[in-house]
There are 4 protein chains.
Amino acid sequence: MFRFECDYCEGAHPLILQALAKTNLEQTPGYGLDPYCTRAAARIRQICEAPKADVHFLVGGTQANTTVIAAALRPWQGAVAVSEGHIAVHETGAIEAAGHKVLTLPPHNGKMDAQDLRALCKAHFDDSSREHTVQPGIVYISHPTETGTLYTLHELEALRAVCDTYGLPLFLDGARLAYGLAAEGTDLTLGNLARLCDVFYIGGTKAGALFGEAVVITNDSLKKDFRYNIKQRGGMLAKGRLLGIQFDTLLRNSLYLQIGQHADRLALQIRRTCLEKGLPMAVDSPTNQQFFVFPDTALAKLEQNFTFSPICKPDASHTEVRICTSWASTDTAVNALCSAISAL
Amino acid sequence: MFRFECDYCEGAHPLILQALAKTNLEQTPGYGLDPYCTRAAARIRQICEAPKADVHFLVGGTQANTTVIAAALRPWQGAVAVSEGHIAVHETGAIEAAGHKVLTLPPHNGKMDAQDLRALCKAHFDDSSREHTVQPGIVYISHPTETGTLYTLHELEALRAVCDTYGLPLFLDGARLAYGLAAEGTDLTLGNLARLCDVFYIGGTKAGALFGEAVVITNDSLKKDFRYNIKQRGGMLAKGRLLGIQFDTLLRNSLYLQIGQHADRLALQIRRTCLEKGLPMAVDSPTNQQFFVFPDTALAKLEQNFTFSPICKPDASHTEVRICTSWASTDTAVNALCSAISAL
Amino acid sequence: MFRFECDYCEGAHPLILQALAKTNLEQTPGYGLDPYCTRAAARIRQICEAPKADVHFLVGGTQANTTVIAAALRPWQGAVAVSEGHIAVHETGAIEAAGHKVLTLPPHNGKMDAQDLRALCKAHFDDSSREHTVQPGIVYISHPTETGTLYTLHELEALRAVCDTYGLPLFLDGARLAYGLAAEGTDLTLGNLARLCDVFYIGGTKAGALFGEAVVITNDSLKKDFRYNIKQRGGMLAKGRLLGIQFDTLLRNSLYLQIGQHADRLALQIRRTCLEKGLPMAVDSPTNQQFFVFPDTALAKLEQNFTFSPICKPDASHTEVRICTSWASTDTAVNALCSAISAL
Amino acid sequence: MFRFECDYCEGAHPLILQALAKTNLEQTPGYGLDPYCTRAAARIRQICEAPKADVHFLVGGTQANTTVIAAALRPWQGAVAVSEGHIAVHETGAIEAAGHKVLTLPPHNGKMDAQDLRALCKAHFDDSSREHTVQPGIVYISHPTETGTLYTLHELEALRAVCDTYGLPLFLDGARLAYGLAAEGTDLTLGNLARLCDVFYIGGTKAGALFGEAVVITNDSLKKDFRYNIKQRGGMLAKGRLLGIQFDTLLRNSLYLQIGQHADRLALQIRRTCLEKGLPMAVDSPTNQQFFVFPDTALAKLEQNFTFSPICKPDASHTEVRICTSWASTDTAVNALCSAISAL
């Protein structure tokens, strides 16, 4: 069985396991106050061209999202996201459990549109009864989005402009950032992200680490007391160095980018095969997640040897599935899948 | 420098790293639905003699405490703990952030006294204005306690009896359970814990794992929908198998017990040395945490080569410190420390 | 200036002020434990044909909604409402501040459709990854709805059937219940509400009281400890008797129904006038709230002497407004408005 | 039966009922945006000598406390109070339900000591592991305290100085402020309160109003968006004018002060009688709450005609009770009580 259901089916990139083994018996202080976290943070500031950024390492994505949003908002504010955003639908109401509404906008090819955002903000702040409704307090986007699509530099700048108008921090969830940075033709670099976002994170869990997300805060007003919040939300790992060691490894010698390139290349191979076979493409994604519609009979045949994530049923006899590659996907597995698709 | 400040200064027990490396490229489903978690859970049910228990693997202690307590309580209920309990003072208000007050009782040698608990419950439930105060809703204890002391079977049964009278679940935080189970003369076994507690956890982070706590739920009424709560509180690891693999390793061939015995033996060696030196013992602890009072001048000398955790200053020229051993403490380090203490 | 912007522009029905004045210097226990609350609760049980119901008096609607929903839900559950429901849009995220997501369905003439509800529940409970999403935990509807429309007995029974299938309590917000019970042709009686809902409230604030909502709980599982929750959410009035006295007055001699009839009659007079004038009706409401679209020039003229609530602008030169009558609306005011509309 | 159990046994001061009746059929906007609220706020700014203060009217004390504290704190901060403070013990965990711990200090004659506060803040902010504990974020005191005692100007200035050192807002709960302002010999005026506190409230519920607390915010940083928070916490009364009318009446022609003087005078008469009888005084209170210890047999006799609040049982045969007077207490009732005590 070859698994294409997600990008976290395996353990960690071998270089990460090696680094963990090599440092295993060293003694360090806990809670992220060790030299490995310090070094990884310095490296991140450097590659983000953000020498004054604060960097914190958290265990996972839901934690990172909740911690950042809870730290940024006042009680009567909410987070604006597209309706299919991770915080809106896949975190069991973690944001609401922290007391905040998720205000949703319709996605456009998975992305938030700056005009939609401006209209929502304008409607709120122009309303004389606005205190009866939740105030937009932070803007949450993902890059790549939930469906693998990418913001352009121009689109991100447009969102930034609206955020500036209304004094809203812009928060970018980079759980799959590796696959976005590595995509062909993208004009969004880490430097651009650091310049345009108030806070964002570089995802490890889905890009070669055992676990871990590196939160980068560039806006001074969000920096104060952030570690209290990490601790309160359960995100402060006792052996914090595990995160430092992993990110220090991932971000050295372009490993992070290579991981993204590898997965994207294999995903595009699957995409070409599906298109050649005439399968309908549900989303036009340039990254490691591909969304195609299969006849149920064909899918049943494939699922004897391959796993995918079901997304929805556009009609009674077809299913849209997500096909994921990762740093760990092999040419063997992908070739086998492509052959099987071609042979349908 | 030898570190004795805590029991999480190193990575993981070598057998755990080995197991992670060996399974690294295997593909499994995520979120704890993999065969390793299944196997570790089965092993835990067996050694706890609790064939119907639910077992969940969470990343860390603050998460485990918040998740269990939030799942067990209704909004107007609080958790009863001793005033120095971890949830009362060392989790940045995580329980309150989940909406619940921590109701405190004075510790007796670190432990909660059943008579105190009964008095608190009686005072509440007999009060005709009780709806103006927080209702006791769960009892939280640690074993070993924050100061390394241990409940006896008799003491735990007494707490259980009060819980039965007032319909309260009993929750035991076993972050350092290894060191308690391994202590000489203890009559509290895993089987007893599973029989007397409604929910408890077997700590991994402080006992040889990279991270992880295994929550064991024996009370049926706490089982329903628990995974929703894990996800919401940020405790559901994408690569959940990392937890399964670690606990499967820890709990095989008595490794967990050996880890505890090793650390306890070295802690008692330090304790004997301190007592022989005439240093005042702040707590009479039979486990891996020892609490002694040092003259500040002597401490300054020791701290050139050893680290400890400061606890408090009983007077202007003395300091109480915590000295911790762990699975990773070496005879070399402990002998060096003991020589240094003797030479003060 | 005649105000038609809402149904809470005045103080209280004169009989209520009389009752308050008459009892003013009597001494009673506080917090709703007085004879007036007892008597009003007994009266409510009687007219609802619900001899075992618990009745609680709260100050306002947002409080009543938050208190009931917080008491009914577990942390990982949400409240299902239509997207224009009061809890979804007009309470500044009070439900989210209590930790819960509001899951929304599209309104059909302001109402929740039983098939929509069933589909949402089925999608959730059939999803093998459901623990990553918020679990439907209570169903919230308003009667009359936000746009003044009414459920039929048949529609309410259909919602009840879905609730039974999925074990969900049905909660009806009756902030304007007077105007619903009094509407011509309605087949929903208080007895039916008490039989079909697990909990609902009889609104006072918008129907002749100074303030106050009477929460009626018929489902035993929601009764326990409810007063704790009222106190915690700030809804327990020290001088609770003010609520008892008001509801005792409102519900005696059919005053509540008369209040509703009076307002509905006047609203329908306005409606007829608007229809005769050819103004587009935005919602077909049989109760005290009417929604019509006016040319902006005509509206400007009317607003010299009358106030309305703006709802939206269907195009650049038209505005939809809400016109409200209440127990306090006078024939004089309504006739003046109708003449002014006719004269446009 | 004469009731001395609390200061909210009756309705409202007759002048308030009169004012409500007189304005009953006037039409005003809702939610506190009416001319009566505007006028009452202006009056409050004037008598507080705080021309820039924001004034908001809330329904009750628990609401006022929760709303102010939730608006002032960030998630990782707590409110500092004495251990017998209202928010610490008598609000069913409302502050915790809003996500915040109440950090407690021992009371000194009911009051918070500035040195204790300084020590708590210093211990926190000097702790290198402070992010594992709740950060002090606001200081909450009551005046009069829960036991009727009063801060002196000097004591309040000392607390202010600590607040200034640590950047903490000082919040004063004035639920019984009338009885404090009216006490003989007090040097705390409304002007002093407004100058020394960042936010405080003038209590109506316990001092002649049907209900209502007037929150006065002098610190600019607490003013922004406060109305959102009132709405979210359920404290925004639809018929907000009821609060404006009441406070406008209470604060005109020194009525508020007269109410306090009346109750304090009667309380001191009871106090003298108890002292003459040789009953032990539990608290030395100069205001409307008196705390005395009675033999249980004597108390049983008194309770045939008078009600009190039980506080505690200092031994098996004695009970400490609270005896309250109010604006509504009559000389007849107090004389009867004093005679009965003298005759014991």
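Residues numbered from 1 in each chain as written. Chains lettered and ligands numbered in written order. Predicted model: local features only at pLDDT ≥ 70, side-chain atom pairs only at ≥ 80, totals over all residues. Heavy atoms only, no water.

Some words on the sheet that holds strand β7 (residues 199-203) of chain A
Residues and elements named next belong to chain A. Threshold: Strands pair, by our definition, only if DSSP identifies at least two bridges between them. Runs of E in the DSSP output that reach at least two residues are strands. Runs of H or I that reach at least four are helices, and both are numbered from the N terminus. Orientation is described by axes fitted as lines to C-alpha atoms, over the contacting stretch for helices, and by angles from 0 to 180 degrees between their N-to-C directions. Pairs of residues are marked as contacts when any of their non-hydrogen atoms sit within 4.5 Å.
Spatial strand order, β2-β8-β7-β6-β5-β3-β4: seven strands in an open sheet with mixed pairing. The sheet terminates laterally at β2 (54-58) and β4 (102-105), the two strands that pair on one side only. Averaged over all pairs of adjacent strands, the angle between their axes in this sheet comes to 25°, without regard to strand direction. Here helix α2 (residues 35-47) sits on the sheet in contact with β2, β7 and β8 (213-217), set at roughly 125° to β2.

Quick word on the environment of Gly61 of chain C
Residues and elements named next belong to chain C. Within the secondary structure, Gly61 sits in helix α3 (residues 61-72). Taking the C-alpha atoms as reference, Gly61 lies 6.6 Å from Ala175; in sequence the two are 114 residues apart. When neighbours within four sequence positions are excluded, Gly61 is seen to be in contact with Tyr201 and Glu213.

Comments concerning the domain arrangement of chain A
Residue and element names in this part refer to chain A. Rules: The start and end points of each domain follow an automatic or database-based domain assignment. Buried area: the sum, over both parts, of the accessible surface (1.4 Å probe) that disappears when the two are put together. We count a salt bridge whenever a side-chain nitrogen from Lys or Arg sits within 4 Å of a carboxyl oxygen from Asp or Glu.
Per the domain assignment, the segments of chain A are domain 1 (2-7 + 255-342) and domain 2 (14-250). Put simply, the middle of domain 1 and the middle of domain 2, counted by C-alpha atoms, are 27 Å apart. Each partner contributes to the interface: domain 1 provides 20 residues, whereas domain 2 provides 27 residues. Between domain 1 and domain 2 lies a buried interface of about 1,800 Å² when both sides are counted; carbon and sulfur atoms form 62% of it. On the domain 1 side of the interface with domain 2, the three residues burying the most area are Asp7, Leu255 and Tyr256, jointly 36% of the side's total. At the boundary of domain 1 and domain 2, one finds one salt bridge.

Describing the relation of the copies chain B and chain C
Mapping one chain copy onto the other needs a rotation about an axis and a shift along that axis. Counted only if it meets this: The copies are overlaid by a least-squares fit using only the C-alpha atoms of residues whose pLDDT is at least 70 in both copies.
Each copy superposes on the other: chain B lies on chain C with an RMSD of 0.0 Å after a rotation of 180° and an axial shift of 0.0 Å. The superposition operator between the copies reduces to a two-fold rotation axis. Taking the C-alpha atom as reference, chain B places Arg74 of chain B closest to the rotation axis, 3.7 Å from it. Taken as a fraction of all interface residues of chain B, those also at the interface in chain C reach 100%, which identifies the copy contact as same-surface.

As for the pairing of strand β12 (residues 309-315) of chain C
Regular strands show a simple pattern: their side chains alternate between the two faces of the sheet. Residues and elements named next belong to chain C. Pairing of β12 with strand β13 (residues 318-324), which is carried by four bridges, proceeds in the antiparallel orientation. Bridged to Asp315 within β13 is His318. The hairpin turn running from β12 into β13, its antiparallel successor, is two residues long.

A short note on the sheet that holds strand β2 (residues 54-58) of chain C
All names here are of chain C. Taken in spatial order, the seven strands make up an open sheet running β2-β8-β7-β6-β5-β3-β4, and their pairing is mixed. Here the strands that pair on one side only, and so sit at the sheet edges, are β2 and β4 (102-105). Neighbour-to-neighbour, the strand axes of this sheet turn through a mean angle of 25°, independent of strand direction. Of the strands in this sheet, β2, β7 (199-203) and β8 (213-217) touch helix α2 (residues 35-47), which is tilted by about 125° from β2. Where helix α6 (residues 114-126) meets the sheet, its contacts fall on β3 (77-82), β4 and β5 (135-142), and the angle it forms with β5 comes to roughly 170°.

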